[in-house]
Amino acid sequence: MQKNEQALELSPLSQKLWEVLLIGLKTCNPKSGLINDILEDIIPGVKNHHLPNISLSENKLTCNNISIDLSTSPLIKKTYEIFLDHPYQRLDRNQLIEKIYDLNDIKSLSHRRVYSCYHSMIKLISRARKLAESHFRGEELNEFEWFVYDSSSETWCLIKKKWKSAFLGNR
């Protein structure tokens, strides 16, 4: 049997989409500008999509000049620190448990202890999400979801732009 070896010719739109995919995989940083520049050619107005400016200093969490005092909530502060240390990465259950509770080897713990830590971690993330949603408001900030869980990869990310569709409304 002879193999057909033909070069796959892509349309200009398909080529741009491949560029976006490849650059996205290499950079994983939505603030880099490269992805937005390429996407702007495909979808006008996409450059206006930027993540809010989030920072944590001492016991103060700030998002677009709105601050929250976290001095009475050390574990919530630590949860924000962990996600801000990895702002563009998704963190799984074991990574979060190890970082929040300063555990080196989660595999050496009993199943009961791991479940207890997991349950507490879910509560912490939920409280941190509620805190962000109740304090960080405004037209620009209402477009984002905080501490988003992806059930397919079983991971969390700090913040994600809400998906909007003209046909389906907010998602």
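The rules behind these values
Residues numbered from 1 in each chain as written. Predicted model: local features only at pLDDT ≥ 70, side-chain atom pairs only at ≥ 80, totals over all residues. Heavy atoms only, no water. Helix = DSSP H or I, 4+ residues; strand = E, 2+ residues; numbered from the N terminus. Contact = heavy atoms within 4.5 Å. Areas by Shrake-Rupley, 256 points an atom, 1.4 Å probe, with all protein chains shown as cover. Core = buried A, V, L, I, M, F, W, Y, C linked by side-chain atoms within 4.5 Å. Buried < 20%, exposed > 50% of the residue type's maximum accessible area, 1.4 Å probe, protein only. Pairing = 2+ DSSP bridges. Axes fitted to C-alpha atoms, helices over the stretch in contact; angles between N-to-C directions. Expected span 1.5 Å × (residues − 1). Salt bridge = Lys/Arg side-chain N within 4 Å of Asp/Glu carboxyl O.

Peer 1: Before we move on, can you summarise the overall build of the chain with the specific residues and values?
Peer 2: Within the chain, the secondary structure is distributed over five helices and eight strands. Its helices and strands taken in sequence order, the chain reads α-α-β-β-β-α-β-α-α-β-β-β-β from the N to the C terminus. Summarising the internal contacts of the chain: among those between residues at least 6 apart in sequence, 42% fall at separations of at least 24. Carbon and sulfur atoms make up 50% of the accessible area of the chain, which totals about 12,100 Å².

Peer 1: I'd like a description of the nonpolar core, backed by residues and values.
Peer 2: Residues Tyr80, Leu96, Trp146 and Leu158 are the most contacted members of the largest nonpolar core, which totals 33 residues. For this core, the secondary structure elements donating two or more residues are β2 (60-63), α3 (74-85), α4 (93-100), α5 (111-135), β5 (144-150) and β6 (155-161). Looking at this core element by element, the count peaks at eight residues for α5. In contact with leucine 96, not counting residues within four places along its chain, are Ile82, Phe83, Leu91, Met121, Ile125 and Trp156.

Peer 1: Hey, could you go over the sheet that holds strand β3 (residues 66-69) for me, with residue numbers and the actual values?
Peer 2: Taken in spatial order, the three strands of this open sheet run β1-β2-β3, and their pairing is antiparallel. The open sheet is flanked by β1 (54-57) and β3, the only strands paired with a single partner. Averaged over all neighbouring strand pairs, the angle between strand axes comes to 20°, with direction disregarded. Examined bridge by bridge, β1 and β2 share four bridges and lie antiparallel to one another.

Peer 1: Give a description of α5 that names residues and reports values.
Peer 2: Between its terminal C-alpha atoms α5 stretches 36 Å, which fits the 36 Å expected from 25 residues at 1.5 Å a residue. Taken residue by residue, α5 has Val114, Cys117, Met121, Leu124, Ile125, Ala128, Leu131 and Ala132 as its buried positions.

Peer 1: Tell me about the pairing of β5, and name the residues and values.
Peer 2: Consecutive side chains of a regular strand alternate in pointing toward one face of the sheet and then the other. Relative to β6, β5 is paired through six bridges, and the arrangement is antiparallel. Paired with aspartate 150 across the two strands is threonine 155, which belongs to β6. Linking β5 back to β6 in an antiparallel pair, the connection comprises four residues, with glutamate 154 at a positive phi of about 55°.

Peer 1: Go over the pattern of salt bridges with me, naming the residues and quoting the values.
Peer 2: Enumeration according to the criterion identifies two salt bridges in this entry. In this structure, lysine 77 and glutamate 81 form a salt bridge, with 3.7 Å as the shortest nitrogen-oxygen distance. Residue lysine 77 and its partner glutamate 81 are located together in helix α3, separated by four residues, close to a single helical turn. Two residues, lysine 78 and aspartate 102, come together in a salt bridge whose shortest N-O distance is 2.7 Å. On the criterion of sequence distance, the pair formed by lysine 78 in helix α3 and aspartate 102 in the loop between α4 and α5 is long-range, its members being 24 residues apart. Overall, aspartate 102 belongs to the exposed group, its relative accessible area being 58%.

Peer 1: Can you lay out the sheet that holds strand β4 (residues 91-92) for me, pointing to particular residues and giving the numbers?
Peer 2: With antiparallel pairing, the three strands of this open sheet are ordered in space as β4-β6-β5. Because the sheet does not close on itself, it has two edges, and the strands there are β4 and β5. Packed onto the sheet, α3 meets β4, β5 and β6 and runs at close to 75° relative to β6.

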